[in-house]
Amino acid sequence: MLVQVVTLFVAGLGIYAAIGILFAFYFVSLGCGKLDPMAKQGTIGFRILIFPASAALWPLLALRLARGRQTPPIERNAHRDAAGGGA
Amino acid sequence: MSLNYQAVGWNRQKKIYDRTMVLGVLLYLGLFIGITATTNPTATAETLMIRGFGTAALLLLHIILAIGPLARLNPMFLPLLYNRRHMGVTMFVLALAHAVLAMIQFHAGGDQFPLISLFTSNGDYSSVSQFPFQPLGFFALAILFFMAATSHDFWLANLTAPTWKRLHMMVYVAYFLLIGHVVLGVLQAESSPFLAGVLGLGAAVVWGLHLTSAWLEKADDEEGNGEGFVDVCAVEDIPEKRARIVCLSGERVAVFKYDGKVSAISNVCRHQNGPLGEGKVVDGCVTCPWHGYQYRPHDGASPPPFTEKVPTFRVKVSEGRVLVDPRPLAPGTAVEPAVIAENAAEELSS
Ligand code: FES
């Protein structure tokens, strides 16, 4: 029983990672510039460094790309909420 | 302000920091392996390396966890904080080396796939003292991987700081998993009171520092949410061209003193939530300590052509005390700086 559960878990992990790695190749070359303008001119070193998390977070990033996000989300905090307005 | 992402934003300080850290790690590994090899001549090279990498990662984790509260207790430790992410990545690399070697040593070459063998070779999940310790290490390593992999500024911006911080708070979960991993591993292999003592001491230092800094910080925070100005500190409590940070209206406010004046802006940098109050006034602008975004202290706006703005606050100086209206004004609203009275300024400079 334990072996079956673990085998399923490990297989799931393997599939998730395989899709993630394929996605990450696309994301670090083209996708990241679509989500964040500062990434368009990013250096090769930058692209290598964001590769692992691009593979690990692929469902989230794919969703953002599908929604057509073009800038990183603007953060809210208590002062901005209380004062309203402004970049 | 606009910057393109680079691999690593190294400057002189960060290079010195990284070099010192790498030298420290190598020195530790050399000493650990040397001492263990002489005191325990039967230990194989693989065992020495597995233990060396594992203990080095655990030691770095303790240092990383201690830096936050230390920097809050004494600004002298702030430089350690700015490059803490590099320390985190180094810790992950050490933990990964430990894990890979342990997998090869204990789980490769059998009939089972190594990762399956890791979870099933000891199936005693209902026991406390014999509980399999290796899966705990696996899950801790997974958390450390997510933290190391998302340590680049790109992730801070794109996951947004609150999500990023939540993810990085998982370090405490990793810490408890690792303590379990080590305690069970050590207990099941040998019973060394020395190691248990060292672990206990490490935990006492980390938690003692966290509790002390949280307690002192709570005592320091002025809670003003209502109407009217709040007395935040004495003028002389703020060093020239620097700020004092206070908590008002649910967030931190940076109260700066510069050129005989006092201004207050929200402490949160528009770029990636860097702590503006830990920066300095450079060329008349508050300069964020993280990546150097600048804001004019009187209106919280970046100098043209840049367009970033942060909320501002009304300020008064009266009888040597600094008073701040806790209601934030819209980002970029100009506020007349409070002038420090002549005699008070003279007193300060004498
Ligand atoms: S957080 Fe990047 S400049 Fe302030």
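Rules and cut-offs
Residues numbered from 1 in each chain as written. Chains lettered and ligands numbered in written order. Predicted model: local features only at pLDDT ≥ 70, side-chain atom pairs only at ≥ 80, totals over all residues. Heavy atoms only, no water. Helix = DSSP H or I, 4+ residues; strand = E, 2+ residues; numbered from the N terminus. Rg over C-alpha atoms; globule rule 2.2 N^0.38 Å. Buried < 20%, exposed > 50% of the residue type's maximum accessible area, 1.4 Å probe, protein only. Contact = heavy atoms within 4.5 Å. Areas by Shrake-Rupley, 256 points an atom, 1.4 Å probe, with all protein chains shown as cover. Pairing = 2+ DSSP bridges. Axes fitted to C-alpha atoms, helices over the stretch in contact; angles between N-to-C directions. Expected span 1.5 Å × (residues − 1). Bend = angle between axes of the 7 residues up to and from the residue. UniProt positions renumbered as here; feature names shortened; annotations may be inferred. Salt bridge = Lys/Arg side-chain N within 4 Å of Asp/Glu carboxyl O. Polar contact = N/O pair within 3.5 Å; in protein donor to acceptor, adjacent residues only side chain to side chain. Phe/Tyr/Trp six-rings, centres within 6.5 Å; stacked < 30°, edge-to-face > 60°. Core = buried A, V, L, I, M, F, W, Y, C linked by side-chain atoms within 4.5 Å. Domains from an automatic or database assignment. Buried area = accessible area lost by both parts, 1.4 Å probe. Nonpolar A, V, L, I, M, F, W, Y, C, P; charged D, E, K, R; others polar.

Looking at an unreviewed UniProt entry, one finds chain B named Ferric reductase-like transmembrane domain-containing protein, with Sulfidibacter corallicola as its source organism.

**With respect to the overall build of chain A**
Regarding its fold elements, chain A presents four helices and zero strands. Along chain A, helices (α) and strands (β) appear in the sequence α-α-α-α when read from the amino end. By the compact-globule yardstick of 12 Å for 87 residues, chain A is too spread out, its C-alpha radius of gyration being 18 Å. Dimensions along the principal axes, computed over C-alpha positions, put chain A at roughly 60 × 35 × 20 Å. Within chain A, buried positions represent 38% of all 87 residues. Residue pairs at least 24 apart in sequence account for 65% of intrachain contacts in chain A once pairs closer than 6 positions are excluded. Surface summary for chain A: the accessible area is close to 4900 Å², and the carbon and sulfur share equals 72%.

**Considerations on the sheet that holds strand β10 (residues 321–324) of chain B**
All names here are of chain B. Spatial strand order, β1-β10-β9: three strands in an open sheet with antiparallel pairing. Two strands bound the open sheet, and with one partner strand each, they are β1 (230–234) and β9 (315–318). Recorded for the sheet is a direction-independent mean angle of 30 degrees between the axes of neighbouring strands.

**Points about helix α2 (residues 45–73) of chain B**
Between its terminal C-alpha atoms α2 of chain B stretches 42 Å, which fits the 42 Å expected from 29 residues at 1.5 Å a residue. Considering bend angle alone, the principal kink of α2 of chain B is centred on I67 of chain B and spans about 30 degrees; proline P69 of chain B follows within four residues of it.

**Some remarks on the pairing of β9 of chain B**
Residue and element names in this part refer to chain B. Pairing geometry for β9 and β10, over four bridges, is antiparallel. Each bridged residue has a counterpart across the sheet, and for K316 the counterpart in β10 is L323. In sequence, β9 turns back onto β10 through a hairpin of two residues, with E319 there showing a positive phi of about 50 degrees.

**Concerning the UniProt feature "transmembrane region" (unreviewed entry) in chain A**
Residue and element names in this part refer to chain A. Under the UniProt annotation, the feature "transmembrane region" (unreviewed entry) is placed at residues 7–28 and 48–66. Regarding residues 7–28, the helix share stands at 100% and the strand share at 0%, and the terminal C-alpha atoms are separated by 31 Å. Counted over residues 48–66, helix gives 95% and strand 0%. Its end C-alpha atoms are 23 Å apart.

**A word on the sheet that holds strand β6 (residues 285–287) of chain B**
As a general point, the strands of a sheet are linked pairwise by backbone hydrogen bonds and lie either parallel or antiparallel. Residue and element names in this part refer to chain B. Strand order across the open sheet formed by three strands is β5-β6-β7, with antiparallel pairing between neighbours. If you trace the sheet from one side to the other, it starts and ends with β5 (280–282) and β7 (294–295), each paired once. Alignment of β5 against β6, held across three bridges, turns out to be antiparallel. Within β6, the position partnered with V282 by the bridge is C285.

**Observations regarding helix α2 (residues 44–56) of chain A**
Taking 1.5 Å of rise per residue, the 13 residues of α2 of chain A would be expected to cover 18 Å, and the 19 Å separating its terminal C-alpha atoms lies within 8% of that figure. Within α2 of chain A, the axis deviates most sharply at I50 of chain A, by approximately 40 degrees, and proline P52 of chain A lies no more than four positions further along. Taken residue by residue, α2 of chain A has F46, R47, I50, A53, S54, A55 and A56 of chain A as its buried positions. The elements touched by buried residues of α2 of chain A are α1 (2–35) and α3 (58–66) of chain A together with α6 (134–149) and α7 (153–159) of chain B.

**Focus on the environment of G68 of chain B**
Residues and elements named next belong to chain B. Turning to its location among the elements, G68 is positioned in helix α2. In the structure, G68 is positioned twelve residues away from L80 in sequence and 8.9 Å away in space, judged by C-alpha atoms. Residues within four places of G68 in sequence aside, it is in contact with L81 and R84.

**Quick notes on the interface of chain A and chain B**
Contact with chain A, which involves 42 residues of that partner, is made by 51 residues of chain B. At the junction of chain A with chain B, the criterion picks out zero salt bridges. Our count for the contact surface shared by chain A and chain B stands at five residue pairs in polar contact (both at pLDDT 80 or more). Only α1, α2, α3 and α4 (78–83) of chain A provide two or more residues apiece to the side of chain A that touches chain B.

**Remarks on the packing of aromatic side chains**
Residues and elements named next belong to chain B. For the structure on display, the rule yields 23 aromatic pairs over all chains. Ring geometry for Y175 and F176: centres 5.5 Å apart, planes at 75 degrees, overall edge-to-face. The exposure class of F176 is exposed, given its relative accessible area of 52%. Relative to W207, the ring of Y175 has its centre 5.7 Å away and its plane inclined at 70 degrees; by these criteria the two rings are edge-to-face.

**Digging into the nonpolar core**
Within the largest apolar cluster, 34 residues are counted, with the highest numbers of intra-cluster contacts made by L61, M87, M91, L94 and L144 of chain B. Secondary-structure elements contributing two or more residues to this core are α1 (12–39), α2, α4 (84–107), α6, α9 (171–189) and α10 (193–220) of chain B. It is α2 of chain B that provides the largest number of residues to this core, a total of nine residues. Filtering out sequence-adjacent residues up to four positions away, M87 of chain B remains in contact with Y17, M21, L60, I63, I64 and I67 of chain B. Counting 23 residues, the second-largest nonpolar core is a separate cluster that includes M38, A53 and W58 of chain A together with A157 of chain B.

**Quick notes on the domain arrangement of chain B**
Residues and elements named next belong to chain B. On domain assignment, one finds that chain B holds domain 1 (12–219) and domain 2 (230–349). Taking only C-alpha atoms into account, the centre of domain 1 sits 39 Å from that of domain 2. By the criterion of area lost to domain 2, the three top residues of domain 1 are Y82, D153 and L156, representing 54% of everything that side buries. Counting every contact that joins domain 1 to domain 2 gives zero salt bridges. Here domain 1 and domain 2 share zero residue pairs in polar contact (both at pLDDT 80 or more) between them. Of the residues forming the side of domain 1 that touches domain 2, the biggest block, three residues, is contributed by α7. Classifying every residue of the side of domain 1 that touches domain 2 by side-chain character gives five nonpolar, no polar and two charged.

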